[in-house]
Amino acid sequence: MRKKIVAGNWKMNMNLQDGIALAKELNETLTQDKPNCGVVICTPFIHLASIAQFLNQDVIGLGAENCADKEKGAYTGEVSAEMVKSTGAQYVILGHSERRGYYNETPEILKEKVLLALKNDLKVIFCIGESLEEREANKQNEVVKAELEGSVFNLSAEDFGKIIIAYEPIWAIGTGKTATSDQAEEIHAYIRSIIADKYGKQVADDTTILYGGSCKASNAPELFAKPDIDGGLIGGASLKAADFKGIIDAWK
Ligand code: PGA
């Protein structure tokens, strides 16, 4: 059975003190009231080492939001997959539409990042999803297929098994405009079908596919009830413990 996961993506929010306070609050709450799904928080790089000190990683996994496409060396300002791993983090988000859009991360760059993350034993949350324009032109299937082919369908079946997919329609991210549960299910089922075409039914059945884009406690139960939606990647609603816990509780 594939794993159900609720992952938070803090983005560029929370200074170190506020981030530690939020992680501590989540740690206490979820250690007392154990979740019915995997929980991950992905934080800015600078938070990772401090949060790893106290986080009960049996209950909450820790991840970065990005890593470099180079192994090491003269790349001022970059943070490598090995550095992320050395903090105690176990996950990394790659291919987020904000990285693709604002920082020009191409499929080729992301392919390198994925390889380096896996080489360093990080689990990858790999994001895909279409823009509003592409959705209106009914090109969403084409877009997500190309994104998978461009950066992760080169992997062996064994390595692909370490990838969590996050489908995040760009038009739903931070906009308050969620995809309907039917819209999300339709494309999640399509994503699972192309994984099956590439790696076979077993691998496809075992792949966790998260939905992201204005997911909150009020709409999570309906989204998570769909057979091909295995949880969520949560931006805005992961910044307050109560909001995030509300989404996690959708699995109860
Ligand atoms: P949102 O962001 O929940 O704020 O829409 C989701 C994401 O970008 O991962």
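Residues numbered from 1 in each chain as written. Predicted model: local features only at pLDDT ≥ 70, side-chain atom pairs only at ≥ 80, totals over all residues. Heavy atoms only, no water.

Trainee: Describe unusual backbone geometry, naming the residues involved and giving the relevant values.
Mentor: Phi at Asp 121 takes a positive value of approximately 65 degrees, unusual for a residue other than glycine. Mapped onto the elements of the fold, Asp 121 is located in the loop between helix 5 (107-119) and strand 5 (123-128). Given the relative accessible area of 57%, Asp 121 is considered exposed. (Helix = DSSP H or I, 4+ residues; strand = E, 2+ residues; numbered from the N terminus. Buried < 20%, exposed > 50% of the residue type's maximum accessible area, 1.4 Å probe, protein only.)

Trainee: I'd love a proper account of the packing of helix 1 (residues 16-32) against helix 2 (residues 45-54), names of residues and values included.
Mentor: Between helix 1 and helix 2, the least distance of the axes is 10 Å, while the angle of their chain directions is 35 degrees. The interaxial crossing formed by helix 1 with helix 2 has right-handed handedness. Here Leu 16, Gly 19, Ile 20, Ala 23, Lys 24 and Asn 27 of helix 1 lie close against helix 2, whose contacting residues are Ile 46, His 47, Ser 50, Ile 51 and Phe 54. In terms of residue class, the contact of helix 1 with helix 2 is built from six nonpolar, four polar and one charged. (Axes fitted to C-alpha atoms, helices over the stretch in contact; angles between N-to-C directions. Left-handed = near helix turned anticlockwise from the far one by under 90°. Contact = heavy atoms within 4.5 Å. Nonpolar A, V, L, I, M, F, W, Y, C, P; charged D, E, K, R; others polar.)

Trainee: Can you tell me about the packing of aromatic side chains, naming the residues and giving the values?
Mentor: Scanning the entire structure with this criterion turns up six aromatic pairs. With a centroid separation of 5.7 Å and an interplanar angle of 80 degrees, the aromatic rings of Phe 153 and Tyr 199 are classed as edge-to-face. Of this pair, Phe 153 sits in the loop between helix 7 (140-151) and helix 8 (157-160) while Tyr 199 sits in helix 9 (residues 181-199); the two residues are 46 residues apart in sequence, bridging distant segments of the chain. Arranged with centres 4.6 Å apart and planes meeting at 20 degrees, the rings of Phe 160 and Tyr 199 form a pair that is stacked. Here Phe 160, found in helix 8, pairs with Tyr 199, found in helix 9; they are 39 residues apart in sequence, far enough to count as distant. Given a relative accessible area of 0%, Phe 160 falls into the buried group. Taking relative accessible area as the criterion, Tyr 199 reaches 14% and is therefore assigned buried. (Phe/Tyr/Trp six-rings, centres within 6.5 Å; stacked < 30°, edge-to-face > 60°.)

Trainee: Give me the sheet that holds strand 4 (residues 91-94): which residues, what numbers.
Mentor: With parallel pairing, eight strands are arranged side by side around a closed barrel as 1-2-3-4-5-6-7-8. Going from strand to strand, the sheet's axes swing by 25 degrees on average, the running direction of each strand aside. Note that strand 5 and strand 6 (residues 163-167) share five bridges and pair parallel. Residue pairing in the sheet places Phe 126 in a bridge with Ile 165 of strand 6. Its contacts with the sheet put helix 9 on strand 5, strand 6 and strand 7 (209-212), and the angle it makes with strand 7 is roughly 145 degrees. (Pairing = 2+ DSSP bridges.)

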